[in-house]
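Remarks on the overall topology
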Amino acid sequence: MNFEGRKYVLIAAVLAIALIFVLRLFWIQVVDDQWKASAASMAERKITDYPARGFIYDRKGRLLVANTPVYDLMVVPREVKDFDTAAFAALISVPVEELKLRMTAARKYSIHKPSVIEKQITAEQFAAISVHLHSYAGVYGQSRTLRTYPPRVGGHMLGYLSEVDARKVAADPYYKAGDVIGVGGLEQYYEEQLRGRRGVRYVLVDVHNNIKGSFKEGRYDTLAVEGKDLHTGIDLDMQRLGEQLMQHKKGSIVALDPKTGEVLCLVSSPAYDPELLVGRVRNTNYGILQRDSIKPLFDRALQAQYPPGSIFKLVQSLVALDEGVINVNTSFACNKSLVGCHNHPTATSIEQAIQFSCNPYFYHVFDRIVERKLDKKSRFRDAALGLGEWEHRVRSFGLGEKPKIDLPSLKGGNIPGPAYYNRKYGEGRWAFSTIYSVSIGQGEVLTVPIQMANLAAIFANKGWYYDPHVVRAVGHPDSVQARYREKHIVEAAPQWFDHIQEGMRRVVAEAGGTARRARIEGITVCGKTGTAENPHGEDHAVFVCFAPMEDPQIAMAVYVENSGAGGRWAAPIASVLIEQYLTDTITRPEVVKELIETDLIAKEKFFRKKPKKPRRR
Amino acid sequence: MSARENVAANLDRPLLVMYLVLLFAGWANIYSAAYDPDHAGIFDLDKEYGKQAVWMAISLTLGSAILLVRGHLFRDWANGIYAVVIALLALVLLIGKEVNGAKAWFGVGSFGIQPAEFAKYATALALTRYLSGLKALIDFRSRVISTAIILFPVALIMLQPDTGTALVSGAFILVLYREGLSGNVLLLAILAAFLSILSLILKESSFDLPFTDRPLSGPLFLLMVIGLIAALAWLVVRNMVIKRLRKRLYGYIVVGVVSSAVFIGGVDYAFEKVLAQHQRDRILVMLGQMEDPQGLGYNVKQSQTAIGSGGFSGKGYLDGTLTKFKYVPMQSTDFIFCTVGEEWGFLGTAAVVILFTVLILRIIQISDRQRSRFTRIYAYCVASIFFLHLMINVGMTIGLAPVIGIPLPFFSYGGSSMIGFTLLLGTLIRLDAERLSQLR
C-alpha cells in the first residue's frame, strides 16, 4: 500500500498551526491593547532601602553623631515622557544646561536603571519639590541620611562619611558606586556595625509612578537591617573643654579611665568642625583642610610619634627595680659631664630621682640595666643581652607596638631592642655608650600620645591595664565588648609602683617639682613632665598624670608642641580637665581663660631654632 | 571518492544553518532572560546563560561528533540506545534528584541531566528501526509492538511523574499514521478530544429540563443532546436510506450512542480520579472554566501580558522588564518565548514561528527524498517531535494550549533538551548525507 499522500496531512497541520500562531501573535501584540495596558499597570521598581546609620553616644548618653534626612532625585530615562526640562530645572534650581547634561549622562549610563540627577536635597527643599513630581514621569526621590554632629567635637576620632572609591566597589560586593562608607575614626572602624544592611524592595507602580503595592507580596524583598548605635566612654564635657583649651595650639590630649581602659577624651589640635565634612560641601572643605599648613586633618593623638622624654624615666625606674639592679635608696651623683642636667640636690632615692628628673641618675640606671655583666668577655654581647631583657619588659607596658584601640590608622612608636641596633649599626658594633640617650627617653625611643596615656593608667593601676578603647558597647549600652575585658599585666611588681607614685606626687605637690601648676585643691594629682626634643624648633612639652592618687579615676597625657617645658602649658591644661572630670566644676576660670586665649601657633613663627647643646661626654 | 560518497559535500546546508541560528538565538535569549545589569559577565557559571554556554559547547561537540558516525551504525545501535535510555529512566527513579516534585534528574554539581529528554531520541531510533523492517503498519501485531515501543518509556516517565515530557510521545501517532495506521484512529482521536472538551466545558453547568423545573447536569444534558441527534439520525435512516443498508446503520447509531455515553462517563471519571488537582486546574483554566488571574490562569495571563507588551517591534534586546523581574514564571525554561515576545515584538515572534515552520517543512522534504526507508521514517519522527514541541510550547504562552511543561527547542534553558534536539538533528543530517551512497 502507498501512504505517500499522508505526508500532506502533516504539512497541512504544520502550516495551519503556524498560521494560527502568527495570527494570534499579531492579535495580542499589535491589535489588542489590553495586554499593553495590563503591562503598564504592573511596571515594577526596585527600591533600595538604606537603613539609618547607627548613632554615636558619649558615656552619659549624649549624642556625638546623629542623622539628618536628605533626598536624592532619581531618574529612570526610559520612563521619562513629555519632560519639561526648563520647568524642572527651575523646580530643583539647577541651570537648564547642567540638567540637560545630567539627563544625557543618565541615559548614557543606562536607560532602565535609575541615575541620580540631584543629590542630597534637604528635607524642607524636597517637601516643596515632591508635590510637583507627579508631572515628571520617571523621576522620584530616594531618601537617605547624612551625618550631623550636635556638639561639633571629636572630628578626628569620629571620622566622616564619603562615597566609596572604585577599588572598594571591586573588592566588596556589598558596595555599589555612589554608596557612602565611613572614612577614618569610628565611622571607618565600626563601618559594618554602623551601616547595618541595605534592603531591597520590589514594588509595583502604575503609569503615574504611584506605588501600588509590593510585588508578589515581597517574595523577592530583603529587609533592611538597622545600623547599630555605638556607646562610647567619651565624656562630652571634657572633650569639649579639651578642644577649647587646645585651640590655637598644636598637640593632643588623651584621657583614660584607668579602671576600664575607656577613652574619656581624645583631642587632637588643631581640630576641625566635623560638620565641614558632611554632604555636598565635603569635597571642597576637605581640599582646604588638606592644604592647610598646620595640618588639621593629622590626628596627633594617634599618629604623632615623639620621643617620650623624661617620662620614660618612670619606666626605666620600674625595669631597674624589678630587675634588682638598683634599690629604692640607690643614689647617684648628678654628674653633668655624662649628660646635661639642671641644678638640684643630689637624688638619694628613686622618689627624689623622679622628683628632680635627674638625667645623670638615669644614665647610671640604664647603664646598670644594659651592662649586666652577663657576658664577661664582650661588652657588645653583654649590652645585647641586657638590652634584650629590657626590651621585653618595656614592651609589656604597651610600648613599641600599635595599641589595640578601636580606631584605624595609628602608629606604634618604637622601642629599640638588640635587633633594631644590629640592623642599624651591625651586630657587635654597638654597646651602652652608643645608646645611652635612650636612658632619658631620647634617641630612637618613640611613643604616640595614646601610649603615654596608657602608661599613666599603668602607673595608676600599679602594673596592669586594659587596652584603651573608645567604644564601650555596640548596639545595646550594656553589651560591653568582650575583647576589651582582657587584663594585661606589666612585667614589674606592684610594690615598685608605690615609689613611682610617690615620686609623681612630689612632682606636682612639692617645692622643686616641675609640675606645680597641675595642683588642684583637695585632689592629689600624680604627674610627670617631659620634653620631647624637637630638632625643628622649640621642644614639645608632655605631661602625664593620674588622679586622685588614693583611688585613680583618670589617667591622662597632654602634649603641647613647641611650648618648651611640660610644666608651663601641659600641666595646667591637665589640671583643669581633671577637675572638670572629677568634680564637674571649674574653680579657676581665670586659668581656663588664659589657656584658651594663648595662641602658640601665632608665636611659632618667631621661634628660632635654638643651638643644640652637645650632649656627649 | 565519488560525489555520491562524499558525506561532507552532501550535508544539508539549510538544516545546518537553521540549527546554528536557533542555537545562538536561543542562547542570546537566555542571556537576556537571566540578564542582571549589575553583574554582566557572559561566562558566569552561576548564571543560567553561563551554564547554557557550557551546554552549547557540549552540544556543538556532540553534534560534530555524530556527523562522523557512519549511518548504518544508528540502525545497528538503535535498540541498544533504546535499552540504555530505558535503563537510565529506571535508574533515575531509584537514585534521581527530586526537583519540583519529579524525580527526573541526575545531578552533577550544579549541572543536571534529565534522561527523559533523551527518550524521544531513543524512541525515534527504535521505532524507526522496527517500522523500517515492515512493509506497512497494517496488521494487529505490528500495531501492538510499535505502540509498546512508544509507551514503554512513556510509562517510566509518567512514574517520575513528568506528564509534559511523556505527552511529547504523542508525536509518534503522526509517524504511525504516516506509516499506515488507519486514518480513522486519528479521526476518532480528534472526535474523542472534541467530546471530552465539550463534556468538560459543560461539566460545571446545569440546564433546566425543557418545560420543567428539574435541573440537569452538564454531561447528562450532553447525553440527551446526543440522544436527540441519534433519534434524528434514526428517523433519517428509516425514511431516506434503502432498506438493505438500514440494519448496519442502526448498528452504528447504537454503538455510537453507547460508546459516547461510556466515553463521557470515562472522561468524567478520569478527570476526577486519575488527574491531579493542578492538572485539572490547568485544563479548566485553558477551557475558560476558571478565571483567576492571580492564581492558576496567572502564568498564562502574565505570559501573554509580557508578549503583548512587546508590540510590533519590541522593547529592544536586554530591555524587557516583565521578563526580567520574574513576572513570568519559569521565564527562562517553559516560558522563554515571552522574552522573545517582549524584547523583539511581533517581528521576533513571527520570525521564530516561521523559522521553526521552515525547519519542520525542510525535514519533511528531506524525508521525501530518501531511498532508505530507515532515514525516511526517522526524518518523519524528527519532524513530528519538533512540530509537537512548537505547537504546545508556543501555544501555551499565547493561551492556545494548556500549560504543559515542555521546552521550546534550543530556546528553553536546559542542557538535556538542547543535547537531545542536537542528537535528533545531527543524526538526521548524517543519515541524509548518505542518501546517495547507501541504501538501508
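Predicted model, so just to flag it, every value in this text is computed and none were measured. (Residues numbered from 1 in each chain as written. Chains lettered and ligands numbered in written order. Predicted model: local features only at pLDDT ≥ 70, side-chain atom pairs only at ≥ 80, totals over all residues.)

A short note on the overall build of chain A
A tally of regular secondary structure across chain A gives 23 helices and 18 strands. Residues counted as buried form 42% of the 617 residues belonging to chain A. Once local pairs closer than 6 in sequence are excluded, the contacts in chain A between residues at least 24 apart make up 70%. (Helix = DSSP H or I, 4+ residues; strand = E, 2+ residues; numbered from the N terminus. Buried ≥ 20, exposed ≤ 12 C-beta atoms within 10 Å, placed from the backbone. Contact = placed C-beta atoms within 7 Å.)

Some details on the overall build of chain B
Secondary structure assignment for chain B yields 16 helices and 5 strands. Counting over 440 residues, chain B shows a buried share of 43%. A sequence separation of at least 24 residues applies to 67% of the contacts in chain B between residues at least 6 apart.

Quick word on helix H5 (residues 116-132) of chain B
Between its terminal C-alpha atoms H5 of chain B stretches 24 Å, which fits the 24 Å expected from 17 residues at 1.5 Å a residue. Where burial is concerned, most of H5 of chain B is hidden: 15 out of the 17 residues are buried. (Expected span 1.5 Å × (residues − 1).)

Quick look at the pairing of strand E18 (residues 554-560) of chain A
Residues and elements named next belong to chain A. Judged by how many residues are buried, E18 sits mostly within the fold: 7 of 7 residues are covered. Of the two faces of E18, the one holding Ile-554, Met-556, Val-558 and Val-560 and the one holding Ala-555, Ala-557 and Tyr-559 are both buried throughout. Alignment of strand E11 (residues 251-257) against E18, held across 6 bridges, turns out to be antiparallel. Bridging across to E18, Ala-255 finds its partner in Met-556. Where strand E17 (residues 540-547) lies against E18, 7 bridges are found, and the strand directions are antiparallel. Bridge pairing links Phe-543 to Val-558 in E18. Linking E17 back to E18 in an antiparallel pair, the connection comprises 6 residues. (Pairing = 2+ DSSP bridges.)

Focus on the interface of chain A and chain B
It is common to report an interface's size as the accessible area lost on association of the parts. Every contact between the two is made by 29 residues of chain A and, on the other side, 39 residues of chain B. Of all the secondary structure elements, the ones that give two or more residues to the side of chain A that touches chain B are helix H1 (7-31), helix H2 (34-40) and strand E1 (43-49) of chain A. Top element by residues in the side of chain A that touches chain B is H1 of chain A. It accounts for 14 residues. In terms of residue class, the side of chain A that touches chain B is built from 18 nonpolar, 4 polar and 7 charged. (Nonpolar A, V, L, I, M, F, W, Y, C, P; charged D, E, K, R; others polar.)

A short note on the sheet that holds E11 of chain A
Paired through their backbone hydrogen bonds, the strands of a sheet run either parallel or antiparallel. Residue and element names in this part refer to chain A. With antiparallel pairing, the 5 strands of this open sheet are ordered in space as E12-E11-E18-E17-E16. At either margin of the open sheet sits one strand with a lone partner, and together these are strand E12 (262-269) and strand E16 (526-532). Strand after strand, the sheet turns through a mean of 10° between neighbouring axes, direction not considered. Sheet topology note: the E11/E12 ladder contains 7 bridges and is antiparallel. Note that in E12 the partner of Ser-252 across the bridge is Ser-268. Contacting E11, E12, E16, E17 and E18, helix H21 (residues 570-583) crosses the sheet at an angle of about 150° to E18. (Axes fitted to C-alpha atoms, helices over the stretch in contact; angles between N-to-C directions.)

A short note on the packing of H5 of chain B against helix H6 (residues 140-158) of chain B
Residues and elements named next belong to chain B. The N-to-C vectors of H5 and H6 enclose an angle of 170°; their axes lie 9 Å apart at closest approach. When the axes of H5 and H6 are compared, the pair comes out roughly antiparallel. Between H5 and H6, the residues in contact are Ala-116, Ala-119, Thr-123, Ala-126, Leu-127, Tyr-130 and Leu-131 and Ile-145, Ser-146, Ile-149, Ile-150, Pro-153 and Ile-157, respectively. Its residues assigned to classes, the contact of H5 with H6 comprises 11 nonpolar, 2 polar and no charged. (Parallel < 35°, antiparallel > 145°, perpendicular 65-115°, else oblique.)

Points about unusual backbone geometry
Among all residues save glycine, negative phi is the norm, and among peptide bonds the norm is trans. Residues and elements named next belong to chain A. The residue after Ser-269, namely Pro-270, is reached through a cis peptide bond having omega 5°. Here Pro-270 shows up in the loop between E12 and helix H11 (282-291). The omega torsion across Ala-547 and Pro-548 is -20°, close enough to zero to call that bond cis. One non-glycine residue, Ser-409, lies in the positive phi region at around 45°. Relative to the helices and strands, Ser-409 is located in the loop between helix H16 (379-395) and helix H17 (418-425).

So, the nonpolar core
One recurring pattern in soluble globular proteins is that nonpolar side chains are buried together. Membership of the largest hydrophobic core comes to 128 residues, with the highest contact counts inside it found for Ala-456 and Met-556 of chain A. Sorting elements by how many residues they give to this core places helix H19 (residues 449-461) of chain A first, with 9 residues. Split by domain, the residues of this core number at least three in each of domain 1 (45-76 + 104-232) and domain 2 (236-288 + 298-604) of chain A. Leave out the neighbours within four places in its chain, and Ala-456 of chain A touches Val-544, Cys-545, Phe-546, Ala-555, Met-556 and Ala-557 of chain A. Within the second largest apolar cluster, 107 residues are counted, among which are Met-56, Tyr-177, Leu-322 and Ile-336 of chain B. (Core = buried A, V, L, I, M, F, W, Y, C linked by C-beta atoms within 7 Å. Domains from an automatic or database assignment.)

Things to note about the confidence of the model for chain A
The pLDDT averaged across chain A works out to 87; a share of 94% of its residues lies at or above 70. Across residues 607-617 of chain A the pLDDT falls below 50, and counting only partners more than four positions away or on other chains, this stretch makes 10 contacts in the model. (pLDDT = per-residue confidence, 0-100.)

Here's the deal with helix H15 (residues 373-397) of chain B
Over its 25 residues, H15 of chain B extends 37 Å from the first C-alpha to the last, a length consistent with the 36 Å expected when each residue adds 1.5 Å. Among the 25 residues in H15 of chain B, 24 count as buried, and that is most of the element.

Re the packing of helix H2 (residues 13-33) of chain B against helix H14 (residues 337-368) of chain B
Residue and element names in this part refer to chain B. Between H2 and H14, the least distance of the axes is 11 Å, while the angle of their chain directions is 155°. Viewed along their axes, H2 and H14 adopt a mutual orientation that is roughly antiparallel. Remark: the crossing between H2 and H14 carries left-handed chirality. Each of Pro-14, Leu-15, Met-18, Leu-22, Asn-29, Ser-32 and Ala-33 in H2 lies in contact with H14, whose residues at this interface are Thr-339, Val-340, Glu-343, Leu-355, Leu-359 and Arg-362. Its residues placed into classes, the contact of H2 with H14 shows 8 nonpolar, 3 polar and 2 charged. (Left-handed = near helix turned anticlockwise from the far one by under 90°.)

Points about the environment of Glu-391 of chain A
As for its placement among the helices and strands, Glu-391 of chain A is situated in helix H16. Separated by 24 residues in sequence, Glu-391 of chain A and Ile-415 of chain A place their C-alpha atoms 6.9 Å apart.

Comments concerning the environment of Leu-338 of chain A
Here Leu-338 of chain A lies in the loop between helix H13 (312-323) and helix H14 (350-356). A sequence separation of 23 residues divides Leu-338 of chain A from Tyr-361 of chain A, and the C-alpha atoms of the two residues are 9.7 Å apart.

Structural notes on the confidence of the model for chain B
Averaged over chain B, the pLDDT score is 83; the fraction of residues at 70 or greater is 86%. Here the prediction assigns the complex a pTM of 0.60, and the interface score ipTM is 0.85.

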